[in-house]
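Structure assessment
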Amino acid sequence: MKYYLIAGEASGDLHASHLIHALKEHDQHADFRFFGGDLMAAEGGTRVKHYRELAYMGIIPVLLHLPTILRNMRMCKQDILQWQPDVVILVDYPGFNLKIAKFVKKETKIPVYYYIAPKIWAWKEYRIKNIKRDVDELFSILPFEVDFFEKKHHYPIHYVGNPTAQEVREFINNSENSDNSDYSEYSEKPIIALLAGSRQQEIKDNLPAMIEATGHLTSQYDIILAGAPGIERSYYEKFIQGTSVKLMENQTFVLLSKATAALVTSGTATLETALFRVPQIVCYETPIPTVIAFLRKLILKVKYISLVNLIADKEVVPELVADTFSVENIRTHLGKILPEGSQRQAMLEGYDEVIRRLGDSRAPDVAAQQIYELLNNNQNN
C-alpha cells in the first residue's frame, strides 16, 4: 500500500520514522512518501519537503514566513492528489495537518489517520469539530486522552502506548549490557541535570535562572546542561561561559541515566526525566508573569502543564510557571528533592504510578498493526 505521512518538527520525524519502520514489518509492499526529516528518510521512501521548511513557531515567525507556509501547503495538497495514496497519516503538528485533513476529506476519498493526537485538551478544544469531521482514525500516545476524546467528546480513539516510555525502556535495557558513553570528562561528582528546552527562546528564558539557582551547589554536584538537537554549542556558550556548568550534547538519555536531580523546562523532557526516575523541578519562565498566570487560568483547559502531572492526574512534580518562576523558588524546591530531601521519595513513588499508567506497549508497532488491519478491512468491504 501507499502511505503518505506528514511530520512538521523533529519529534514528529522521530515518531514517524519508527512508525514507518513498523509498517514495513506488516506490509512488505509498503511505499512511503512524506513531508518529514532525516530519520524518516533513513527508513526509505520519497521525501517531498524537509520539516525545517515547515517548522515556524510563534506569531511573528509565522507571519514573516506566511508565503512559504502557504506555498508548502499548496504543494502538499497537490502532491497528495497526484500520488493518490491509500492513506494519509498525520503526525502531531496540528496547525498544518488539520488543514491538510480538511482538504483530503473534502476533495478525495482517501482515509485520514492521525498518529499522536493533537493536544486540544490543553487549549483550542474547538478543534474537536475538525477532528470529528476530517479524521477517520485517531491514535493516541497519552492514556488520559482516552477519557477526553471518548467520554467528553464521544469520539472513539486508539491508545497505542507511549513511544517515549518505550525508548527509555530500550535505552535502560541496552545500558545494562554496555557502556553507552565515557562521561568521565563531564562528571566526577553527583550530577544535577539542566534541560532548558529545545528552542532558543526557551533556553534564553529559562537557562540563566537554572544556572543561578544551582550555583551554590557546585562544590557538591556537577551541573551539566543537556544540549538539544539543532542548537549550536555557540548559543549555549553565551550562557555558560564563566560558570562551572558543563555542556553535554545530544546525549540526554545518558545524562538522565546518571543524574541525581534535574531542572526541566516543560515538554516531553519532563516525561523522559520521570521515566529515568530522576526527581525534577519543572521551570518555565514567561513574559509579564502575573498577566500570563491570570490568562493561563482562563485559556488552559488543564490543571497542569507537565506531562508527568497530567498523566498522574495530580501534582507529582512542582511546576514553577509564570508568577511562581523565580531563582529563589527553584532553589527551595530543588533542596527538597535532593538526597535526604523531604519530597524526594514521594516524587519517586509518583513516578511509579505514571509508569504504570503508560503501560508497556510498543506504540509504533501497535499503531502500525492497527493501521494495516484497518486499511485492509476498508479495502475488503
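Here the structure is shown first, and the text comes after it.
What counts and what doesn't
Residues numbered from 1 in each chain as written. Predicted model: local features only at pLDDT ≥ 70, side-chain atom pairs only at ≥ 80, totals over all residues. Heavy atoms only, no water. Helix = DSSP H or I, 4+ residues; strand = E, 2+ residues; numbered from the N terminus. Buried < 20%, exposed > 50% of the residue type's maximum accessible area, 1.4 Å probe, protein only. Areas by Shrake-Rupley, 256 points an atom, 1.4 Å probe, with all protein chains shown as cover. Core = buried A, V, L, I, M, F, W, Y, C linked by side-chain atoms within 4.5 Å. Contact = heavy atoms within 4.5 Å. Phe/Tyr/Trp six-rings, centres within 6.5 Å; stacked < 30°, edge-to-face > 60°. Lys NZ or Arg CZ within 6 Å of the ring centre and 35° of its normal. Axes fitted to C-alpha atoms, helices over the stretch in contact; angles between N-to-C directions. Parallel < 35°, antiparallel > 145°, perpendicular 65-115°, else oblique. Nonpolar A, V, L, I, M, F, W, Y, C, P; charged D, E, K, R; others polar. Polar contact = N/O pair within 3.5 Å; in protein donor to acceptor, adjacent residues only side chain to side chain. Pairing = 2+ DSSP bridges. Expected span 1.5 Å × (residues − 1). Arc of directions from axis to C-beta.

Per the secondary structure count, the chain includes 17 helices and 13 strands. Counting all 381 residues of the chain, 51% fall into the buried class. In the form shown here, the chain has an accessible surface area of approximately 18100 Å², with 50% of it arising from carbon and sulfur atoms.

Moving on, we come to the nonpolar core. A general feature of soluble globular proteins is that nonpolar side chains tend to end up buried together. Core analysis: the biggest nonpolar cluster contains 126 residues, and Tyr3, Leu5, Ile89, Phe149 and Leu194 have the highest contact counts within it. Aside from chain neighbours lying at most four places away, what touches phenylalanine 149 is Ala117, Pro118, Ile120, Ile128, Ile131, Leu138, His154, Tyr155 and Ile157.

For the structure shown, the criterion picks out twelve aromatic pairs. A centroid spacing of 5.0 Å and a plane angle of 90 degrees characterise the contact between phenylalanine 148 and phenylalanine 149, whose relative ring orientation is edge-to-face. The two residues phenylalanine 148 and phenylalanine 149 agree in class, both being buried. Taken together, the aromatic side chains of Phe35, Tyr93 and Phe96 make up a single cluster linked through ring pairs. Positioned above the aromatic ring of tryptophan 83, the side-chain terminus of lysine 2 is 4.8 Å from the ring centre.

Across the interface, helix α12 (residues 268-275) lies against helix α16 (residues 344-358) with an axial gap of 9 Å and an inter-helix angle of 105 degrees. The angle between α12 and α16 falls in the class roughly perpendicular. Every residue of α16 that contacts α12 at Leu271, Thr273, Ala274 and Leu275 is listed here: Tyr351, Val354, Ile355 and Leu358. Considered class by class, the residues forming the contact of α12 with α16 number seven nonpolar, one polar and no charged.

On to unusual backbone geometry. Positive phi is not limited to glycine here, since aspartate 92 has a value of about 50 degrees. Looking at the secondary structure, you find aspartate 92 in the loop between β4 (87-91) and α5 (94-107). Even without glycine at this site, isoleucine 116 takes up a positive phi of about 75 degrees. Looking at where isoleucine 116 falls in the secondary structure, it is placed in the loop between β5 (112-115) and α6 (128-134).

Locating aspartate 136 in the fold gives a position in the loop between α6 and β6 (137-140). Note on aspartate 136: relative accessible area 33%, which makes it partly exposed. Sequence separation between aspartate 136 and proline 156 is 20 residues; the distance between their C-alpha atoms is 10.0 Å. Look past the residues within four positions of aspartate 136 in its chain and what remains in contact with it is Lys105, Ile110, Pro111, Val112, Tyr113 and Tyr155. Separated by 2.8 Å, the side chains of aspartate 136 and lysine 105 make a polar contact. Engagement of the side chain of aspartate 136 in a polar contact is seen with the backbone nitrogen of valine 112, the distance being 2.7 Å.

This next bit is on the sheet that holds strand β7 (residues 158-159). The strands making up a sheet associate through hydrogen bonds between their backbones, and the pairing can be parallel or antiparallel. Ordered in space as β3-β2-β1-β4-β5-β6-β7, the seven strands form an open sheet in which the pairing is parallel. Pairing within the sheet leaves two strands with one partner each, and these edge strands are β3 (46-50) and β7. Pairing geometry for strand β1 (residues 2-7) and β4, over five bridges, is parallel. Looking at β4, one finds that alanine 7 is bridged to valine 91. Across the face of the sheet, helix α1 (residues 10-26) comes into contact with β1, β2 (31-36), β4 and β5 while running at roughly 165 degrees to β1. Helix α17 (residues 363-380) contacts β1, β4, β5, β6 and β7 of the sheet and is inclined by roughly 170 degrees relative to β5.

So, about α16. Each full turn of the α-helix corresponds to 3.6 residues, which orients residues three or four apart in the same direction. Counted at 1.5 Å a residue, the expected span for α16 with its 15 residues is 21 Å, and the 21 Å between its end C-alpha atoms agrees. Buried within α16 are the following residues: Arg344, Met347, Leu348, Gly350, Tyr351, Val354 and Leu358. What you see down the axis of α16 is that its buried residues fit within an arc of 160 degrees, all on one side. Facing away from the buried side of α16, by more than 90 degrees, are the exposed residues Ala346 and Arg356. Positioned one or two residues after α16, glycine 359 has a phi angle of 80 degrees, which is positive.

Bringing the sheet that holds strand β12 (residues 280-284) into the picture now. The six strands are arranged β10-β9-β8-β11-β12-β13 in an open sheet whose pairing can be described as parallel. In this open sheet, the two edge strands, each paired with only one partner strand, are β10 (246-249) and β13 (319-321). Each strand of the sheet is rotated relative to its neighbour by a mean of 25 degrees, with strand direction disregarded. Of the strand pairs in this sheet, strand β9 (residues 222-227) and β10 are connected by four bridges, and their pairing is parallel. Among the inter-strand pairings, isoleucine 224 is bridged to a residue of β10, identified as lysine 246.

In this model helix α8 (residues 163-175) runs 18 Å from its N-terminal to its C-terminal C-alpha over 13 residues, within 8% of the 18 Å that 1.5 Å per residue would give. Of the positions making up α8, those classed as buried are Pro163, Thr164, Ala165, Gln166, Glu167, Val168 and Phe171. Packing partners of the buried residues in α8 comprise α1, α11 (252-258), α12, α16 and α17. Where α8 begins, the side chain of asparagine 162 points an oxygen toward the backbone nitrogen of threonine 164, at a separation of 3.0 Å.

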